[in-house]
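Here's the letter readout for the chains.
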Amino acid sequence: QRSSGSPAPPPGCCAAHWWRQPGVAHARAGGPPRALRPEMQCDRPRGVPPAVRASALGPARFLASGCASIDKALGGGLRAGWLTEIAGEAGAGKTQLVMQFAIRCAMPVSLGGMGAPAAIICTEGSFPVRRMRTMAFAVWAALSAAQRSECEACGVGRDTLWDCHLVRNADSPESLVAAVAAAAACARAGRCAALLLDSIAGPFRVPDPDEGSGGAASKAAPGSAGGGGGGRRWFAGRAKALLGVSSVLRCVALERRLPVLVANQATAVLRPDDSTAAPDDVAPALGMAWAHAAHVRAMLLRRRGSANPQARAVRVVFHPAAASSACVCVLGEAGLGEAVLGEAP
Amino acid sequence: MADGAIALAPISGPTRTLLVAAGFRTAHDVFAMPPSGLAKELRVDVARAADILAEVASCCPREREQHPDERPKRARMAGDQAASRLDPRLQVSALSLLEVSKKQPCIVTFCRGIDTLLGGGMPTGEVTEVVGVPGVGKTQLCTQLAVDASLPKAFGGVDGQTLYIDTEGSFTPDRCAQMADALSAHVRGMAARQSSATAAAAAAAFTTEFQMARIHVVRCTSLAEQMATILGVQGVVKAVEAGPGGGDAAASAPAGSGAAAGAAAAAAAAAAAAAAAPVRLVIVDSIAFHYRGDASSADAGQRSRQLAAQAQALHSLAATRGIAVVVVNHVTTKLGGRGDAWGSGNGGGIGAGAASEAAEAAGLLGDGSAAASAAAAAAMAGSCDSLGAGSQLAPALGDSWAHACTNRLFLYWFGKVRVARLAKSPSRPLGAAAFAVTSEGVRRPPAEGSA
């Protein structure tokens, strides 16, 4: 139905990709760029993305957290185009880490940020905006004068550091899906440079009495007989919604080359042989359906037995490009920061 | 306009509607079927089908001549008449197939356990499925294979290019470069031991740039792109083999400064050197990702049909071009029921048959203590996820997909050790092997078992 002439590229498709489609009428002035002309002769089927040599893939961009040991454990920080999951128990500091990344995202690229504000989707009640403001001021205070002038040259000041897009009250699975769609649209429009979700587990976890105990008690049937049937359907529905959300997040991350951070809760592990758990017997929530969704999975753990109640450990469970590693850090005014040497291990 | 097109033939309206609705496009399609088959397709009785056949024959006499009257059943049964209509290329004896298959090369994985399990490496001409929990090393194994496919023949490789269809975005160029560096060093060591001129020359040409230039990555960000790529994979492979341009024509175009131009020239030289080889490996990582999240394709029947079409495309690619196809799949939890119904054999749940597995895995880990392996076996029998002891882990995409691949390799954790288990193979005995993922890539685990 489209008249031949200069067809517009479909939405969400970058112009360079569109040029590579064979058979597209090139009625624009000057024709296709010279460098791309030899490609038009090859008969790649329509609709297939172009094959790029591995040596020609561009370098990766990272969103740094400001704490060198966390960045090293994560392989450089939050990698653009990947979905990083950070799971931790209550009070471990996941929201603090989310806020820290949002603040860093607004910084210019030379300082490890992405140069544009981030979008935060909050599913757990009210978001502590005041704490975020305090953290932004603390981060600003910790910058050197040269870094501050660099920020100001890019239009980022003390008050704009904590100014990010915030989507709140995504308390149920449906509203989470809508919130994620809104954030994805914001990302596609180019207005935000990172997506942070705190937390994915909020709308999906219902305290189910036979979820944990039934497994350990009886090996014969899944859960108790009564809760088994309903539980199965509930799990299936939950898996579907979860995977829908994860699919949207990953597609946006891939298309727009954004770093995406998803915070998850942690549950106690009943069997010591769980492959996805840290050795401190907590495992990320939401099961196997969600486990495939993230490229990188990290756990934020409290350090039991440490003198400092603010001591934390970040442990990377799996990562496509780095071995599992761990690091220690301290939760402070400016978010998670370096642990001072000489701390109790 | 095709000759004999139904839409244009002078037949009556109801007949035309009936034929077009049933999917017949040309008169050839109509004549190719006997009246009973036509009756079944059109859902009419045989007499009506014979009338329709006669009507179309009267309208398209030329096409009717090309399809003579249906032979009597006796003649159709005659083997020689049937044989004379067969394509002679399809008539091969098993002996000739055996000789051909002996010469089929394998793509080594550089992990001795997995190579022994697979009979020398990943077999070409077959579709292998790799299934595992997240983080166990599926993408690592695929990246290792992608790098190994470019190994020269002098060192036991297949000297080919790789097409990496990446649907998850987890292909990491820096990790690939790391593995390529390790492989180059290994090859240089092998060449030094062989001490022949050709080997030394091949080793010198086998740089990281060379290996990376031989891996072509196609990023599919949606189900539509994945379907288009896989169903049209023959065309994609031809395009990859044909043009040295590929995708890096645009990348090298905006080279500005002298240093960048020098690097681009080196890359172009490496690309040109790498371009002459055929594609020997196609990796789909992973086929399950877009199906698990895409709520719109909720129709299970449609999904099975799409998967069957993709499997068919991959099989024909492997068979006609002698390409090794590796497909990565996810796992899902099977809620409810014990694992016994699924069996411990082909394609069953990962936790099933734990007792026999524990015995064989204890052999894998060397002299692990009996207590440790028994405890681990008990834990494995309970499955390795948090949904309770009754659940099992099973490959995603359902049972119809389970038949689609020729070989099936399960990757899982056994305690702290990664294990690969061959769960389905028509030609190799089933078994398991331990492996490790190091900074150099996928290798066999260190000799002193750290179980």
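Everything numeric in this text was worked out from a predicted model, so none of it was measured. (Residues numbered from 1 in each chain as written. Chains lettered and ligands numbered in written order. Predicted model: local features only at pLDDT ≥ 70, side-chain atom pairs only at ≥ 80, totals over all residues. Heavy atoms only, no water.)

## Some points on the overall build of chain B
Looking only at helices and strands, chain B features 22 helices and 13 strands. Of all 451 residues assigned to chain B, the portion counted as buried reaches 49%. Of all intrachain contacts in chain B linking residues separated by at least 6 positions in sequence, the fraction that spans at least 24 positions is 71%. Summed over its atoms, the accessible surface of chain B is roughly 19400 Å², and 58% of this surface lies on carbon and sulfur atoms. (Helix = DSSP H or I, 4+ residues; strand = E, 2+ residues; numbered from the N terminus. Buried < 20%, exposed > 50% of the residue type's maximum accessible area, 1.4 Å probe, protein only. Contact = heavy atoms within 4.5 Å. Areas by Shrake-Rupley, 256 points an atom, 1.4 Å probe, with all protein chains shown as cover.)

## Considerations on the packing of aromatic side chains
All told, the structure shown has 2 aromatic pairs over all chains when counted by the stated rule. Aromatic side chains Tyr164(B) and Phe171(B) sit 4.7 Å apart centroid to centroid with 50° between the ring planes, which places their arrangement in the tilted category. Exposure class is identical for Tyr164(B) and Phe171(B). Each is buried. Across from the ring centre of Trp82(A), 4.7 Å away, lies the NZ or CZ of Arg79(A), which sits over that ring. The aromatic ring of Phe289(B) is capped on one face by Arg250(A), whose charged end is 4.5 Å from the ring centroid. (Phe/Tyr/Trp six-rings, centres within 6.5 Å; stacked < 30°, edge-to-face > 60°. Lys NZ or Arg CZ within 6 Å of the ring centre and 35° of its normal.)

## What to know about the pattern of salt bridges
Taken as a whole and assessed by the stated rule, the structure comprises 9 salt bridges over all chains. Between Arg188(A) and Glu255(A) there is a salt bridge, with the nearest N and O atoms lying 3.2 Å from each other. Of the two residues, Arg188(A) is situated in helix H7 (residues 173-188) and Glu255(A) in helix H9 (residues 225-256); the sequence distance between them amounts to 67 residues. Ionic pairing is found between Arg214(B) and Asp159(B), a salt bridge with its closest N-O pair at 2.8 Å. Residue Arg214(B) is found in the loop between helix H13 (208-213) and strand S5 (215-219), and its partner Asp159(B) is found in the loop between helix H10 (138-148) and strand S4 (161-166); the two are separated by 55 residues along the sequence. Of the residues examined, Arg214(B) reaches a relative accessible area of 4% and is grouped as buried. (Salt bridge = Lys/Arg side-chain N within 4 Å of Asp/Glu carboxyl O.)

## Quick look at the sheet that holds strand S10 (residues 407-414) of chain B
Reading across from one edge, S1(A)-S5(B)-S4(B)-S6(B)-S7(B)-S3(B)-S10(B)-S11(B)-S12(B)-S13(B) is the order of the 10 strands in this open sheet, with mixed pairing throughout. Since the sheet does not close on itself, it has two edges, and those belong to strand S1 (51-53) of chain A together with strand S13 (441-443) of chain B, each with one partner. Between one strand and the next, the sheet's axes are offset by a mean angle of 25°, whatever the strand orientation. Note: S4(B) against S5(B), 5 bridges, orientation parallel. When the bridges of S5(B) are listed, Asp166(B) appears paired with Arg219(B). Taken strand by strand, helix H11 (residues 173-194) of chain B contacts S5, strand S12 (431-438) and S13 of chain B, and its axis lies near 50° from that of S13(B). (Pairing = 2+ DSSP bridges. Axes fitted to C-alpha atoms, helices over the stretch in contact; angles between N-to-C directions.)

## Quick word on the packing of H11(B) against helix H12 (residues 197-205) of chain B
In a pair of packed helices, the angle between the axes and the distance between the axes together describe the arrangement. Residues and elements named next belong to chain B. H12 packs onto H11 with a crossing angle of 165° between their chain directions and a minimal axis gap of 8 Å. Accordingly, the angle class assigned to the pair H11 and H12 is roughly antiparallel. As H11 packs across H12, the resulting crossing turns out to be left-handed. Touching Val-187, Arg-188, Ala-191 and Gln-194 of H11 are Ala-199, Ala-200 and Ala-203, all from H12. (Parallel < 35°, antiparallel > 145°, perpendicular 65-115°, else oblique. Left-handed = near helix turned anticlockwise from the far one by under 90°.)

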